[in-house]
Amino acid sequence: MNRRAVLAAVAGASSAAVYFGLQRTGDKNFVREEIDVPMVACATADDRNELKFAESYESKLNFAKVKARDLLLRVKDEVGAPGVVVGVSVDGKVVWREGFGFANVETRTRCHEETVMRIASISKSMTMAMVGKLWQDGKLDLDKPVQEYVPKFPMKTFDEKEVEITTRMILSHIGGIRHYVKKGEKAESELSEPNSKKGKEKEKAEKSTREKEVYNKEKYDSIEKALTMFQNDELMFQPGTDYLYTTHGWTLVSAVVEGAGKEEFTKQAKKFFSQLGLHYTKLDESEPIIYNRANYYLTKKNGRLANVPFSDNSYKWAGGGFVSTVGDLLKFGNAMLYSYQWKPKMTLVDGKLVTQYVSEQPIHPIKDLPPGFLKPETVWEMWTVVPQTKGKSHSLRYRENGYGLGWQVIPYVAEFGTTGGGDVQSFHAFHTGAAVGASSALLIKPAEDKSDSQQPPPKGICVAILMNMQNVGLAAVADDIAQIFQRTFCD
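Conventions and cut-offs
- Residues numbered from 1 in each chain as written.
- Predicted model: local features only at pLDDT ≥ 70, side-chain atom pairs only at ≥ 80, totals over all residues.
- Heavy atoms only, no water.
- Pairing = 2+ DSSP bridges.
- Helix = DSSP H or I, 4+ residues; strand = E, 2+ residues; numbered from the N terminus.
- Contact = heavy atoms within 4.5 Å.
- Axes fitted to C-alpha atoms, helices over the stretch in contact; angles between N-to-C directions.
- Parallel < 35°, antiparallel > 145°, perpendicular 65-115°, else oblique.
- Nonpolar A, V, L, I, M, F, W, Y, C, P; charged D, E, K, R; others polar.
- Phe/Tyr/Trp six-rings, centres within 6.5 Å; stacked < 30°, edge-to-face > 60°.
- Buried < 20%, exposed > 50% of the residue type's maximum accessible area, 1.4 Å probe, protein only.

### Digging into the sheet that holds strand β19 (residues 428–435)
Hydrogen bonds along the backbone pair up the strands of a sheet, which may run parallel or antiparallel.
Logical step 1: The sheet built from eight strands is open, its strands ordered β5-β4-β3-β21-β20-β19-β16-β15 with antiparallel pairing. Where the open sheet ends on each side, the last strands, each with one partner, are β5 (109–110) and β15 (402–403).
Logical step 2: Judged from the eight bridges that link them, strand β3 (residues 83–90) and strand β4 (residues 93–104) form a sheet pairing that is antiparallel. Looking at the pairing, V90 lines up with K93 of β4.
Logical step 3: In the packing of helix α10 (residues 326–341) onto the sheet, contacts are made with β3, β4, β20 (438–446) and β21 (460–467), and the angle to β21 comes to roughly 150°.

Structure, rendered in structure tokens:
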């Protein structure tokens, strides 16, 4: 029965009654809608089942949204963020998108589901999809030295010995390339407030490497020029032996993409956005008009909200230079989840998943489900913890954690039994982002692989959060929200 209108099945009168139905509207998912339907004398079993489905679905969804909304607003209130936008999908269907607070405090423009914000380091995960495509198509060898694709990148040494850096190393932050602090410099908080001294004191004060680079104002018109920011600096450790999160490393990744793809990185990125239908995902450039773009904020030492200084992200397109919406992030997340779960000979028959045709010569041949953007084995590799990164995030939330290729990974852990004993740590992949004036998170929690499941991919929960306040960790609340929807719809 078509769920565009849930028919009321009530014995008795012929007058009209108003019931709540579920309707699919364009690219949106099931939404609550009042519909006038005539009462009918007798109801079929299908009618009653449809009505029960509608009531059950709506009540479950509202319950999950109320719980998740409260968790998110707690974080927003605790950090004093002007605005935040959240999106959730269940099995590939967007079930919730909502904005809270202000996208622009001065104009009193409110956040909404299509507000555009900086996604910061989630740009690394998108770039990884581009790398994965080149890799599986045979255009890129992850284990060759980066100079194979970027001949002008200088050969590096460590302890006066020449060392080799591969693309695979950089993708998991084990290549020894620095972040925003040079070797020997004092560590600083990446997004601490810029130098607040005034007048002559400010002129005399030497800006740190971190402040110069994070709040960079120079426009780099090529990846080759952006590499000059760090390419001649000392390595932090011997490549392949340790882990150091680095955004500069991903500028080198973008140069590798240019060399392997034989085209400018920015052009390849725009083609990638188009291929996956990410129509609101763009380079974070200040000149173009980007509708619904938010303003960005920080909290000063005196506790007052302030606009962030201007910063140009052309030095780090791949590592943190994209803007997007929660809708596009969910679309990207589900594209990765579909790729991860797709298998050959997957076919839908009457909306149910089968792995082969009902007969050898069906009356109406049905095409197999198309493969994903990436091969399953490519995504498996991306979402597998690299040994050198294991436990390096120092998170108290997870007993085991690590970094794969372009993704943070939480492996499955079941200590002390799976029932009645210890807590089960479910597998998921995610990435957070910290940019000037913005924080972000994208989390993908695949559903458990059940051999008898007839649900086609993607199967699982995706959560996207964007906030126009810097220095806010959103991984924990994204995981909490995913668990709420998982318990409500998937368990």
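### Notes on the sheet that holds strand β6 (residues 117–118)
Logical step 1: If you trace the three strands from one edge of the open sheet to the other, you get β6-β12-β9, paired in antiparallel fashion. Both outer strands of the open sheet, β6 and β9 (282–283), are each paired with one neighbouring strand and no more.
Logical step 2: With two bridges joining them, β6 and strand β12 (residues 322–324) adopt antiparallel strand pairing. What sits directly across from R118, in β12, is V323.

### Details of the packing of helix α2 (residues 122–136) against helix α8 (residues 265–275)
Logical step 1: Between α2 and α8, the least distance of the axes is 11 Å, while the angle of their chain directions is 95°. It follows from the interaxial angle that α2 and α8 lie roughly perpendicular. Along its contact with α2, which presents M126, T127, A129, M130 and L134, the element α8 presents F265, Q268, A269, F272 and F273.
Logical step 2: Across the contact of α2 with α8, the residue classes break down as eight nonpolar, two polar and no charged.

### Side note on the packing of aromatic side chains
Logical step 1: In total, this model carries 15 aromatic pairs according to the counting rule given.
Logical step 2: Where W383 meets W407, the ring centres are 5.8 Å apart and the plane angle is 80°; that geometry is what we call edge-to-face. Of this pair, W383 sits in the loop between α11 (376–382) and β15 while W407 sits in the loop between β15 and β16 (408–410), placing them 24 residues apart in sequence. The same class applies to W383 and to W407, which are both buried.
Logical step 3: Put simply, the rings of F272, F273, F322, F332, Y340, F373, W380, W383, W407 and F427 pair up and form one aromatic cluster.

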